[in-house]
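# Per-entry structural report
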Amino acid sequence: MSEFTYLFRGRKTSGSPEEMQKHFEKWAAWFKELSAKGHIKDIGHPLEGVGKLVKGKQKTVTDGPFAEAKDVVGGFTLVEARDLEQAVELSKGCPILEVGGSVEVRPIQKMNM
Amino acid sequence: MELSDHLFRREAGRMVSTVTRIFGVHNLALAEDVVQDAFCRALEVWKFRGVPENPSAWLMTTAKNRAVDILRRERTARTFAPELGRLLESEWTLVPTVEEQFAASAIKDDQLRMMFSCCHPELSTEAQVTLILKTLCGFSVSEIAHALLASEDSIEKRLGRARKLFRLSGTFVEIPNASDIPKRLEPVYQAIYLLFNEGYHGSRSEPKVREDLCLEAIRLSLLLYEHPAGENPKTHALLALLCFHAARLPGRIDEEGDLIQLEMQDRSKWDRDLIAKGFHFLEKSSMGNELSEYHLEAGIASLHCLARSYEEIDWAKILELYDVLYRIRPSPIVALNRAVALGNARGPEEGLTELSKIPDRAKLKDYPFYPAAQGEFHFLAGRPDEAAKHFEGAMKLARSRSETNFFERKLKACRLGAAQINDR
């Protein structure tokens, strides 16, 4: 098994309370399914939409967000999968895709090459 | 942990009411933004962390914090609730004042205030119901349009007018003094009643949506019932009525969503718990000397629920109640229902005579259940040919597929009956 991170971009911000709840329930169901199949290494964390950017030798500090709302990473999860192909396949169930968001699937580099 | 059904929707009404109380009713849209924000935050955090132990409290606290942020940021740029104004200006009193508004009992008061505000006398009953669905029931514009079968445009217009009225008036409608309460509750009852009827009789949207409307109407009446200002015999009567009707929802519609006529309904599907609740409220409603239309309608509905079979229905007693109801509320629809009860109690010919004597029956000319009642009585009197003509008339007036199917089945029965007579 190899490890991957899912970087989630975009989020659902509009919709009636009922739709918001339904959307949440889809996420809960998706994570539950991945977890039941043993793919969740670490469920990870949600990230605030704002923060600071520290840059260069000057250590200049600027305010986030650093990109357009839809491009901001809203959270990440660590998963285990056979290979990149399977990790990608599993990510296709992510409800973020229904609201115009994206999942970036990145293999984690191993120590023993 | 799983969320209970419609939790967000229910909490939306509580949060919007409370935040509006603090921001002032002229800032309703801003209050709605705060609530939307709380849901967004819940969505982001809960999907990683799971549902907190008390999701309602979590949402409330999130909305409260967000409200405090906005008050701090915008207190010089905006005016908030005038009656809280001074307290919100000072950092010393800001947080305690907001905390106080978010206490459980204050939230109940706020919802009641919101209900009174939505039922502003200058708004039409439709607009009142629209506003209630939006603010207290957490429905979106498209969900309201879907439920009330209006275009999204017209729902937006209704809300726009209401918001304008709120902006101009600026203050929340206060919970009135004891002596004014009955007068102020009247439009609230009407709006709840209309909301329920939209769900119960509204013949056009799908069963699930309609059931939701009925449940929302019951929830709102329970809100009244749980508040000292709203708890009185008339509220009990309304609740009894809604419980008796809602109890019969499961037996009223078949798998295809078609209406089943009373004779054919499977009474074992009726919700016994709700019927018991109905009787509980009916009993409470009799404590007092008021006899309202809700008392009478609840009484009629209780008699339907009591009958174990169609044959056991006590039509004579139902007729008595309709007699009184017609005196209180002489509408053509009540007269029609009364005539149906009379025909069932005394025979079809008398029913037909009564139907032909309804004053204002011109107002029923587009109402399919008037010719349908005539058809039914002709059929019972052994004149299926005559009955068929009336059911054809009813079919032309049908407002939904479900009504069309209903009359079509009756029409078939008439034609079958006529053929059997001709064979003899």
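The following paragraphs examine the structure supplied in this document. (Residues numbered from 1 in each chain as written. Chains lettered and ligands numbered in written order. Predicted model: local features only at pLDDT ≥ 70, side-chain atom pairs only at ≥ 80, totals over all residues. Heavy atoms only, no water.)

Each partner contributes residues to the interface: chain B has 24 residues there, and chain A has 27 residues. Counting each side, the surface lost to burial between chain B and chain A is near 2,100 Å², with a carbon and sulfur contribution of 60%. For the chain B face of the interface with chain A, the top three residues by lost area are Leu43(B), Lys47(B) and Phe48(B), together amounting to 35%. Applying the counting criterion to the chain B and chain A interface returns three salt bridges. Residue Glu48(A) is joined to Arg41(B) by a salt bridge in which the shortest nitrogen-to-oxygen separation is 2.9 Å. For the pair chain B and chain A, the number of links is 10 residue pairs in polar contact (both at pLDDT 80 or more). Listing elements by their share of the side of chain B that touches chain A, those giving two or more residues are helix H1 (7-23) and helix H2 (28-49) of chain B. Of all the elements, H2(B) adds the most residues to the side of chain B that touches chain A, at 11 residues. Counted by class, the side of chain B that touches chain A contains 11 nonpolar, five polar and eight charged residues. (Contact = heavy atoms within 4.5 Å. Buried area = accessible area lost by both parts, 1.4 Å probe. Salt bridge = Lys/Arg side-chain N within 4 Å of Asp/Glu carboxyl O. Polar contact = N/O pair within 3.5 Å; in protein donor to acceptor, adjacent residues only side chain to side chain. Helix = DSSP H or I, 4+ residues; strand = E, 2+ residues; numbered from the N terminus. Nonpolar A, V, L, I, M, F, W, Y, C, P; charged D, E, K, R; others polar.)

Now for the packing of aromatic side chains. Per the stated rule, a full pass over the model turns up 25 aromatic pairs over all chains. Look at Trp30(A) and Phe31(A): their rings are 5.3 Å apart centre to centre, the planes differ by 35°, and that puts the pair in the tilted class. In this structure Phe31(A) comes out as buried when scored by relative accessible area, which is 6%. When the centroid spacing of 5.9 Å and the interplanar angle of 50° are considered together, the rings of Phe31(A) and Phe48(B) count as tilted. Linking Phe31(A) in helix H1 (residues 17-36) with Phe48(B) in helix H2, this pair reaches from one chain into another. Put simply, the rings of Tyr6(A), Phe8(A), Trp27(A), Trp30(A), Phe31(A) and Phe48(B) pair up and form one aromatic cluster. Sitting above the plane of the Tyr200(B) ring, Arg252(B) keeps its charged end 4.0 Å from the centroid. (Phe/Tyr/Trp six-rings, centres within 6.5 Å; stacked < 30°, edge-to-face > 60°. Buried < 20%, exposed > 50% of the residue type's maximum accessible area, 1.4 Å probe, protein only. Lys NZ or Arg CZ within 6 Å of the ring centre and 35° of its normal.)

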